[in-house]
Amino acid sequence: MKATLPLKLRDVCVRRRGKTLIGPIDLSLDAGDLTIVLGPNGAGKTTLMRAMHGLQRLSSGSINYAVPTVAARDAQAFVSQHPIMMRRSLRDNLIYPLKLRGTSRDEATVMAEDWAARIELTHALSQAAPNLSGGEKQKVALARALITKPELVFLDEPCANLDGHATRDIETMLLAERDVGRTLVMSTHDLGQARRLATRVIFMLKGRVHETGTADSFFSTPKTAEAVAFLKGDIV
Amino acid sequence: MYDIWDGIKSALYLLVTLDRDLIEITLRSLQVTLMAVAIGSAIGLPLGAWLAIRRFRYRRVAIAVLNAFMGLPPVVVGLIVYLLLSRSGPFGVFGLLFTPTAMIIAQVIIITPLIASIAHQAIRELWAEYHDLLISLNTSKGQRIRTLIWDGRRPLITASLAGFGRGIGEVGAIMIVGGNIDHATRVLTTAIALETGKGDFALALGLGFVLIFLSLFVNFATHALGRTERGRFW
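Calculation criteria
Residues numbered from 1 in each chain as written. Chains lettered and ligands numbered in written order. Predicted model: local features only at pLDDT ≥ 70, side-chain atom pairs only at ≥ 80, totals over all residues. Helix = DSSP H or I, 4+ residues; strand = E, 2+ residues; numbered from the N terminus. Contact = placed C-beta atoms within 7 Å. Rg over C-alpha atoms; globule rule 2.2 N^0.38 Å. Buried ≥ 20, exposed ≤ 12 C-beta atoms within 10 Å, placed from the backbone. UniProt positions renumbered as here; feature names shortened; annotations may be inferred. Pairing = 2+ DSSP bridges. Nonpolar A, V, L, I, M, F, W, Y, C, P; charged D, E, K, R; others polar. Axes fitted to C-alpha atoms, helices over the stretch in contact; angles between N-to-C directions. Parallel < 35°, antiparallel > 145°, perpendicular 65-115°, else oblique. Left-handed = near helix turned anticlockwise from the far one by under 90°. Core = buried A, V, L, I, M, F, W, Y, C linked by C-beta atoms within 7 Å. pLDDT = per-residue confidence, 0-100.

**So, the overall build of chain B**
Counting its secondary structure elements, chain B contains ten helices and zero strands. Ordered by position in the sequence, the α and β elements of chain B form the string α-α-α-α-α-α-α-α-α-α. Along the three orthogonal principal directions, the C-alpha set of chain B runs to about 65 × 50 × 25 Å. The long-range fraction of contacts in chain B, counting pairs at least 24 apart against all pairs at least 6 apart in sequence, stands at 80%.

This is the structure we're talking about:
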């Protein structure tokens, strides 16, 4: 099977009611990285993530994967800041994407139970997913995204509104996925989290990509004054 | 006052002794309305879901028309169905006038817009909630509709029950197309109208009690479903 990545963005712009939300953006994403899209609130991180995943229509420009769009969409997953829980049990939430791909009910159930054990929610398998706590919902959303073994996963501030324990659990899962070579693109405005996880950083400001590079170079020698200010904790 | 008490006593006697006429009329009412609800739900639920997720040019107009159809006067529906099914009408050849089938057709026309409209409201809310997830999972339109109908099954059952409530209490249209023929097309509402006219309050009240019981049952069922929605285990 041909690899989905690299992903190339060319002159990507998203405008709404005459206001430019992001762009123009030129960017390339390669396989195997845990890329952190970093920036303050309103920088356009969520819009960029949604555009790359195909949830946001482009006003101009193009986004191209190494494979046709339909095949690329099948090879990726998206986890949003506010986890969407289907009105089903936790088990059925995990089974759902597998059934869409034609996995048998028995096989899907085994995989769902395996993932529930990984996220330490075996006891809640039969519970209504919308009634879980915020941290549990986010873990379920992440497990549901990963259960189909996507090549590329977009995570839009998955740890926003979570406490320290839940954040650590999510980060542990993400690091495990990074270590098995899965490509992850995650937005955050949390510098500490970016330092803990990133292998590559995309720094956004006012709808544009201000700086990109490896995590080491970005955090040790940022190239722009805005990045320096952001890393110092100043308001940019 | 004496007539009312006398009627209530006689009605209770008919209910307790399971009067044959009462049972027959009640079963026919249920047969007609349940069949109409089944057909109305088979059309209305997917139509409501489709209108909720599909974007097309005259969508707002279609929704407005659907909502307007909820207020269709049953007597006018009965008249139109009568004209369509009468000997000289386009479907007269089928010989359906004054049969339970004609009554089902009239009820389907009356309750389908109601079911579709309530389904549309319920699915629209669910679609807003699920939109990103279902797009992200690369689902087809058919998969989306099936998922929304399944996950929204409780409010959708409520929509069907609302259709049942409207159908079981309907009198104008089915009187016209059914003809209220004894042992053929007589149902609870048309029988109540007839027996009241004849002054036989015992049977009219007995039928009325059954109708009230069915309406209450539907309301309790709706309430119970609402409670399961908030339950811990699904």
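We are not done yet, so read on.
**Brief notes about the overall build of chain A**
Assigned secondary structure in chain A consists of nine helices and nine strands. Over its C-alpha trace chain A gives a radius of gyration of 18 Å, about what one expects of a compact globule, namely 18 Å for 236 residues. Across its three principal axes, chain A shows a C-alpha extent of roughly 55 × 40 × 35 Å. Residues counted as buried form 44% of the 236 residues belonging to chain A.

**Thoughts on the UniProt feature "domain: ABC transmembrane type-1" (unreviewed entry) in chain B**
In this numbering, the UniProt entry assigns the feature "domain: ABC transmembrane type-1" (unreviewed entry) to residues 26-222 of chain B. Secondary structure over residues 26-222 of chain B splits into 79% helix and 0% strand, and the C-alpha atoms at its two ends are 21 Å apart.

**Focus on the pairing of strand β8 (residues 200-205) of chain A**
All names here are of chain A. Judged by how many residues are buried, β8 sits mostly within the fold: six of six residues are covered. Residues of β8 alternate between two faces, with R200, I202 and M204 on one and V201, F203 and L205 on the opposite face, all of them buried. Bridge count between strand β3 (residues 34-38) and β8: four bridges; the pairing is parallel. Residue V37 lies in a different strand from β8, and its bridge partner there is I202. The turn linking β8 back onto strand β9 (residues 208-214) is made up of two residues, and K206 within it adopts a positive phi angle of 50 degrees.

**A look at the interface of chain A and chain B**
If you look at the interface, chain A gives 18 residues, while chain B gives 15 residues. Of all elements in the fold, only α2 (69-74), β5 (76-79) and α3 (90-100) of chain A reach the threshold of two or more residues within the side of chain A that touches chain B. Per-class residue counts for the side of chain A that touches chain B are eight nonpolar, six polar and four charged.

**Re the packing of helix α3 (residues 59-69) of chain B against helix α5 (residues 100-136) of chain B**
Packed helices, taken two at a time, are described by the angle their axes make and the gap between the axes. All names here are of chain B. Here α3 crosses α5 at 130 degrees, and the two axes come no closer than 8 Å. When the axes of α3 and α5 are compared, the pair comes out oblique. Between α3 and α5 lies a crossing whose hand is left-handed. Packed against α3, whose contacting residues are I63, L66, N67 and F69, the element α5 presents P113, A116, S117 and H120 at the interface. Looking at the contact of α3 with α5 residue by residue, the class counts come to five nonpolar, three polar and no charged.

**Some remarks on the sheet that holds β3(A)**
Residue and element names in this part refer to chain A. Read from one edge to the other, the open sheet built from six strands follows the order β5-β6-β7-β3-β8-β9, with strand pairing classed as mixed. With partners counted over all chains shown, the strands left at the sheet margins are β5 and β9, one partner each. Taken pair by pair, the neighbouring strands of this sheet meet at an average axis angle of 15 degrees, ignoring direction. The strands touched by helix α5 (residues 134-146) within the sheet are β5 and β6 (152-156), with β5 carrying the most contacts at an inclination of about 170 degrees.

**What to know about the nonpolar core**
All names here are of chain B. Core analysis: the biggest nonpolar cluster contains 123 residues, and A106, A119 and V177 have the highest contact counts within it. The element best represented in this core is α5, accounting for 19 residues. For A106, the contacting residues outside a window of four places in its chain are V77, G78, V81, A173, I174 and V177.

**Quick notes on the confidence of the model for chain B**
The predicted coordinates ought not to be read in detail in places where the model reports low pLDDT. Taken over all residues, the pLDDT of chain B has a mean of 90, while the share at 70 or more is 95%. Reported confidence for the predicted complex is 0.90 by ipTM and 0.81 by pTM.

**A few points about the sheet that holds strand β2 (residues 19-29) of chain A**
One key point about sheets: their strands pair by backbone hydrogen bonds, in either a parallel or an antiparallel sense. Residue and element names in this part refer to chain A. Pairing is antiparallel in the open sheet, where three strands are placed in the order β2-β1-β4. Of all the strands in the sheet, the pair left with one neighbour each is β2 and β4 (60-64). Neighbouring strand axes in the sheet, compared pairwise and without regard to direction, differ in orientation by 20 degrees on average.

**As for the environment of P113(B)**
Residue and element names in this part refer to chain B. With respect to the element layout, P113 can be found in helix α5. A residue is classified by how many C-beta atoms lie within 10 Å of it, and P113, with 23 of them, is buried. Separated by 47 residues in sequence, P113 and L66 place their C-alpha atoms 5.7 Å apart. Setting aside residues no more than four positions away along its own chain, P113 makes contact with L66, F69 and M70.

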